[in-house]
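Spelled out, the chains give:
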Amino acid sequence: MNQLSERLNSLSPSATLAMSQKSGELKAQGVDVINMSVGEPDFNTPDHIKEAAKKAIDENYSRYSPVAGYPALRNAIVEKLKKENGLEYTAAQISCANGAKQSVCNTIMALVNKGDEVIVPAPYWVSYPEMVKLAEGTPVIVRAGIEQDFKITPEQLEAAITPKTRALILCSPSNPTGSVYSKEELAGLASVLAKYERVITIADEIYEHINYIGKHESIAQFSEIKDRVVIVNGVSKAYAMTGWRIGFIAAPEWIVKGVNKLQGQYTSGPCSVSQKAAEAAYTGTQDPVEEMRQAFQRRRDLIVKLAKEIPGFEVNVPEGAFYLFPKCDFFFGKKDGDRVINNADDLAMYLLEVGHVACVGGTSFGAPECIRMSYATSDENIIEAMRRIKETLAKLK
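Everything numeric in this text was worked out from a predicted model, so none of it was measured.

K.L.:
Outline the overall build of the protein chain, listing residues and values.
P.N.:
Assigned secondary structure in the protein chain consists of 13 helices and 14 strands. Whereas a compact globule of 397 residues would reach a radius of gyration of roughly 21 Å, the protein chain reaches 21 Å, a difference of no more than 12%. Here the protein chain holds 397 residues, and the buried ones make up 56% of them. Counting only contacts in the protein chain whose residues sit at least 6 apart along the sequence, the fraction spanning at least 24 positions is 74%. Looking at the protein chain as shown, the accessible area adds up to about 16,900 Å², and 50% of this sits on carbon and sulfur atoms. In the protein chain, which carries 45 positive and 49 negative side-chain charges, the distance between the mean positions of the two groups comes to 2 Å.

K.L.:
I'd like a description of the pattern of salt bridges, backed by residues and values.
P.N.:
As a working rule, side chains carrying opposite charge can pair if their charged atoms are close by. Counted under the stated rule, the structure contains 26 salt bridges. We note a salt bridge from Lys151 to Glu185, for which the minimum N-O separation is 3.0 Å. Here Lys151, found in the loop between β4 (138–143) and α7 (154–160), pairs with Glu185, found in helix α8 (residues 183–193); they are 34 residues apart in sequence, far enough to count as distant. By relative accessible area, which is 31% here, Glu185 ends up partly exposed. Two residues, Arg387 and Glu391, come together in a salt bridge whose shortest N-O distance is 3.1 Å. Within this pair, Arg387 and its partner Glu391 are both found in helix α13 (residues 379–393), separated by four residues, close to a single helical turn.

K.L.:
Any chance you could break down the state of the cysteines for me, citing the residues and the numbers?
P.N.:
Taken as a whole and judged by the stated rule, the model has zero disulfides. Its sulfur unpaired, Cys271 is 12 Å from the next cysteine sulfur, which belongs to Cys96. With no disulfide of its own, Cys328 has Cys370 as its nearest cysteine by sulfur position, at a separation of 6.3 Å. Given the relative accessible area of 0%, Cys328 is considered buried.

K.L.:
Kindly report on the nonpolar core, identifying the contributing residues and their values.
P.N.:
Grouped together as the largest cluster of nonpolar side chains are 82 residues, with contacts concentrated most on Ile108, Ile303, Phe313, Met373, Met386, Ile389 and Leu393. A per-element tally of this core places helix α11 (residues 287–307) first, with seven residues. The residues touching Met373, leaving out its near neighbours within four places in the chain, are Met36, Ile303, Phe313, Phe322, Tyr323, Leu324, Pro326, Cys359, Met386 and Ile389. Membership of the second largest hydrophobic core comes to 48 residues, among which are Cys96, Met241, Ala277 and Tyr282.

K.L.:
I'd love a proper account of the sheet that holds strand β7 (residues 229–234), names of residues and values included.
P.N.:
On the basis of which strands lie adjacent, the open sheet formed by seven strands has the order β2-β8-β7-β6-β5-β3-β4 and mixed pairing. The outermost strands of the open sheet, each flanked by one partner alone, are β2 (94–97) and β4. The sheet shows a mean angle of 20° between the axes of neighbouring strands, taken without regard to direction. As paired elements, strand β3 (residues 117–122) and β4 share six bridges and run parallel to each other. Each residue of the ladder has a partner; that of Val118, found in β4, is Pro139. The strands touched by helix α4 (residues 71–85) within the sheet are β2, β7 and β8 (247–250), with β2 carrying the most contacts at an inclination of about 115°. Along the sheet, helix α6 (residues 127–134) makes contact with β3, β4, β5 (165–171) and β6 (200–204), crossing β4 at roughly 155°.

K.L.:
Would you mind going over the UniProt feature "domain: Aminotransferase class I/classII large" (unreviewed entry) in the protein chain in detail, with residue names and values included?
P.N.:
According to UniProt, the feature "domain: Aminotransferase class I/classII large" (unreviewed entry) maps to residues 32–389 in the numbering used here. Spanning residues 32–389, this segment combines 37% helix with 15% strand, and its end C-alpha atoms are found 14 Å apart.

K.L.:
An account of α4 is requested, with residue identities and associated values reported.
P.N.:
If you check α4, its first and last C-alpha atoms are 20 Å apart, about what 15 residues at 1.5 Å a residue would give, namely 21 Å. Of the positions making up α4, those classed as buried are Leu73, Arg74, Ala76, Ile77, Val78, Lys80, Leu81 and Asn85. Against the buried residues of α4 lie β2, β7, β8 and α10 (272–283). Just downstream of α4 lies Gly86, where phi reads positive at about 65°.

K.L.:
Could you give me a rundown of the sheet that holds strand β13 (residues 360–361), with the residues and numbers involved?
P.N.:
Backbone-to-backbone hydrogen bonds join strands into a sheet, with any given pair of strands oriented parallel or antiparallel. Strand order in the open sheet formed by three strands is β9-β14-β13, and the pairing between neighbours is antiparallel. At either margin of the open sheet sits one strand with a lone partner, and together these are β9 (323–324) and β13. Where β9 lies against strand β14 (residues 371–374), two bridges are found, and the strand directions are antiparallel. Residue pairing in the sheet places Leu324 in a bridge with Met373 of β14.

K.L.:
So what about the environment of Leu87? Which residues, and what values?
P.N.:
Along the chain, Leu87 turns up in the loop between α4 and β2. As a C-alpha pair, Leu87 and Gln221 span 134 residues in sequence and 6.7 Å in three-dimensional space. In this structure Leu87 touches Leu81, Lys82, Ser218, Ala220, Gln221, Lys226 and Ile231, once residues within four positions along its chain are discounted.

K.L.:
Talk me through the side chain of Ser103; I want residue IDs and the actual numbers.
P.N.:
Residue position: Ser103 is located in helix α5 (residues 100–111). Residue Ser103 is classed as buried on the basis of its relative accessible area of 2%. Not counting residues within four places of it along the chain, the set of residues in contact with Ser103 comprises Ala97, Val232, Gly247, Phe248 and Ile249.

K.L.:
Talk me through the packing of helix α12 (residues 344–353) against α13; I want residue IDs and the actual numbers.
P.N.:
At a minimum axis separation of 10 Å, α12 and α13 run at an interaxial angle of 110°. Considering the angle they form, α12 stands roughly perpendicular to α13. As for how α12 packs across α13, the hand of that crossing is right-handed. In this structure, α12 uses Leu347, Tyr350 and Leu351 to contact α13, whose residues at the interface are Ile389, Thr392 and Leu393.

The rules behind each value
Residues numbered from 1 in each chain as written. Predicted model: local features only at pLDDT ≥ 70, side-chain atom pairs only at ≥ 80, totals over all residues. Heavy atoms only, no water. Helix = DSSP H or I, 4+ residues; strand = E, 2+ residues; numbered from the N terminus. Rg over C-alpha atoms; globule rule 2.2 N^0.38 Å. Buried < 20%, exposed > 50% of the residue type's maximum accessible area, 1.4 Å probe, protein only. Contact = heavy atoms within 4.5 Å. Areas by Shrake-Rupley, 256 points an atom, 1.4 Å probe, with all protein chains shown as cover. Lys, Arg positive; Asp, Glu negative; His and termini not counted. Charge placed at Lys NZ, Arg CZ, Asp CG, Glu CD. Salt bridge = Lys/Arg side-chain N within 4 Å of Asp/Glu carboxyl O. Disulfide = S-S within 2.5 Å. Core = buried A, V, L, I, M, F, W, Y, C linked by side-chain atoms within 4.5 Å. Pairing = 2+ DSSP bridges. Axes fitted to C-alpha atoms, helices over the stretch in contact; angles between N-to-C directions. UniProt positions renumbered as here; feature names shortened; annotations may be inferred. Expected span 1.5 Å × (residues − 1). Parallel < 35°, antiparallel > 145°, perpendicular 65-115°, else oblique. Left-handed = near helix turned anticlockwise from the far one by under 90°.

Written out as structure tokens, the structure is:
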């Protein structure tokens, strides 16, 4: 009998990866699809980082690394956190993993017991609730709509906390919305969290460098909760290194030790060559990071302008990351022939199959009234994609 574990059967497939796969299948059939479903920079890894990887191969960095990562990389991360964020950590408080995704999952698995509650603001990245389920915890969804710029309030956070609450997962800049919490907004959340010693904040800051408000703010800056914050970050987005698979946590040492114990049993340390590349990313010139950020901001301005010209879309202005998350429930119940749009997932599939633009429906992000579009693509693709979307949606009556 082919029977998968109950643990696996409780999980949902990744909607973003599924839509990307569907887009790829259509492309393989010769369909001209513009893929706006994937959260991946379209730039190449900067040359000095690639050169560091080549050097590492020549110097035979081909053996197992320490579970937590090479000391040189962890020290580079310590310096990055001090210089860019004003935060003091030691190398013993850093653990590197196979991407920030594993870093988030490691932390949840190390902290959450069966029946523990984890507060997940919605819209959320598709994997957060699934990771909590994997740890046999209970995701507690706190919804924040477009009218509040997709950001939860201190009052909402306070109302969601119970004696079973173990963690809060906070993503800023946000995937899927691009919303960014200001220092004042984070201070409000921190004032609530300070009252609950058992609650750990998992701060996913992977989009830190892709923000359009001048300066990233970390919730770890507030001394009253810093010893209960786990920062998650990595090189994927800022340095166009998604395939290199290097992420990290910066956290109290007891949490790092737990994560290392866990990681030591199921993956060990991340790729040795990728670690040397990541070290070069953190210690070398940051000019490419700023160049990419400026390109993303230009694209943000372009896609917001074009989206606001589409009747039926409700659009906010994202302050970071590279996603637009328009509210599209205006189209629910509308038809094109026999085809009925019942929800955002239907709309995303309609845009793919009829308009040949791949977006992701908001249901898996906890916002079934929205769709996610990635503008990590060329200006030309953005212009053509929005033209197709506008034309396709006009067919719905």
